[in-house]
Amino acid sequence: YFYSPSLGQDHMGTEVCRISGVYSPFSYAQQSLHANTSQEDLIKKIRTRSCITGAMLIPNLATGYMLSNNNFQEQPILFTTHKLVSVGNLVLMDLTTFQKGKKVGLSTAEIIAAISMNVCFISTIGTGGAISTGKPMPDAVYTLHRITPWLSAIASGLLIYLLNTR
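Reading guide: rules and limits
- Residues numbered from 1 in each chain as written.
- Predicted model: local features only at pLDDT ≥ 70, side-chain atom pairs only at ≥ 80, totals over all residues.
- Heavy atoms only, no water.
- Helix = DSSP H or I, 4+ residues; strand = E, 2+ residues; numbered from the N terminus.
- Buried < 20%, exposed > 50% of the residue type's maximum accessible area, 1.4 Å probe, protein only.
- Contact = heavy atoms within 4.5 Å.
- Areas by Shrake-Rupley, 256 points an atom, 1.4 Å probe, with all protein chains shown as cover.
- Core = buried A, V, L, I, M, F, W, Y, C linked by side-chain atoms within 4.5 Å.
- Axes fitted to C-alpha atoms, helices over the stretch in contact; angles between N-to-C directions.
- Parallel < 35°, antiparallel > 145°, perpendicular 65-115°, else oblique.
- Left-handed = near helix turned anticlockwise from the far one by under 90°.
- Nonpolar A, V, L, I, M, F, W, Y, C, P; charged D, E, K, R; others polar.
- Expected span 1.5 Å × (residues − 1).
- Patch = residues over 30% accessible without salt bridge, like charges linked within 9 Å, V, L, I, M, F, W, Y side chains within 5 Å.
- Salt bridge = Lys/Arg side-chain N within 4 Å of Asp/Glu carboxyl O.

Chemist: Outline the overall build of the protein, listing residues and values.
Modeler: Counting secondary structure elements, the protein contains four helices and three strands. Walking the protein from its N terminus toward its C terminus, one meets helices and strands in the order β-β-β-α-α-α-α. The buried share of the protein, reckoned over its 166 residues, is 34%. The contacts of the protein with a sequence gap of at least 6 include a subset with a gap of at least 24, amounting to 58%. As displayed, the protein offers around 9900 Å² of accessible surface, 67% of which is attributable to carbon and sulfur atoms.

Written out as structure tokens, the structure reads:
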């Protein structure tokens, strides 16, 4: 049987999105912050998404470290996981920031942190893409790809903090 997308709760009371009869806690992050959302619900959703984002940073940095010590072409699953987690993290942070801004507005600090985070993530993804071509790259590309993931993590942490403080 087929379920149309609908919100519900699992056996532990966690809000989930039911699609095609499958419950996915990560689908929770795809919910929009509707206009009729209360302030408490908004805070709860931002905190949940922040936890997911923070949790996604750990495997992303760990897989990046593992790939830096090995040939990424010999580990395609690890390499693909690394790329998808990075892009997913960026999308989730941008979605949360955009929807909070749409609902209650963003402070100047939140806007600056969001721009910084995006610049760091895009430069990380760009340098990683250049490295993944397998062609010789200037040393600056390798150096940037060693530094920008940490800058992305710091900027994400700052944005998560700011999104959750007001």
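Chemist: Describe the nonpolar core, listing the residues and the values that go with them.
Modeler: The biggest cluster of nonpolar side chains holds 14 residues, and the ones touching the most others in it are Met93, Met117, Phe121, Leu159 and Leu163. For this core, the elements supplying multiple residues, two or more each, are α1 (39-68), α2 (76-104), α3 (108-132) and α4 (139-165).

Chemist: Just give me the short version of the packing of α3 against α4, but keep the residues and values in it.
Modeler: The N-to-C vectors of α3 and α4 enclose an angle of 150 degrees; their axes lie 8 Å apart at closest approach. Between α3 and α4, the interaxial angle falls into the category roughly antiparallel. In this structure, α3 crosses over α4, and the sense of that crossing is left-handed. Of the residues in the contact of α3 with α4, the class split is 18 nonpolar, nine polar and one charged.

Chemist: Break down α3 for me, with residues and values.
Modeler: A rise of 1.5 Å per residue sets the reference length of α3, with its 25 residues, at 36 Å; its end C-alpha atoms lie 36 Å apart and thus fit the reference within 8%. By the burial criterion, the buried members of α3 are Glu110, Ala113, Ala114, Met117, Asn118, Cys120, Phe121, Thr124, Thr127, Gly128 and Ile131. Contact partners of the buried residues in α3: α1, α2 and α4.

Chemist: Kindly report on a nonpolar patch on the surface, identifying the contributing residues and their values.
Modeler: Taken together, the side chains of Val87, Val91 and Ile125 define a hydrophobic patch exposed on the protein surface, amounting to about 220 Å² of accessible area. Within the secondary structure layout, isoleucine 125 lies in helix α3.

Chemist: With reference to specific residues and values, describe the pattern of salt bridges.
Modeler: Under the definition given, this model contains one salt bridge. A salt bridge links glutamate 110 to lysine 100; its shortest N-O distance comes to 2.8 Å. Remark: lysine 100 occurs in helix α2 and glutamate 110 occurs in helix α3; sequence separation between them is ten residues. Both residues of the pair, glutamate 110 and lysine 100, count as buried.

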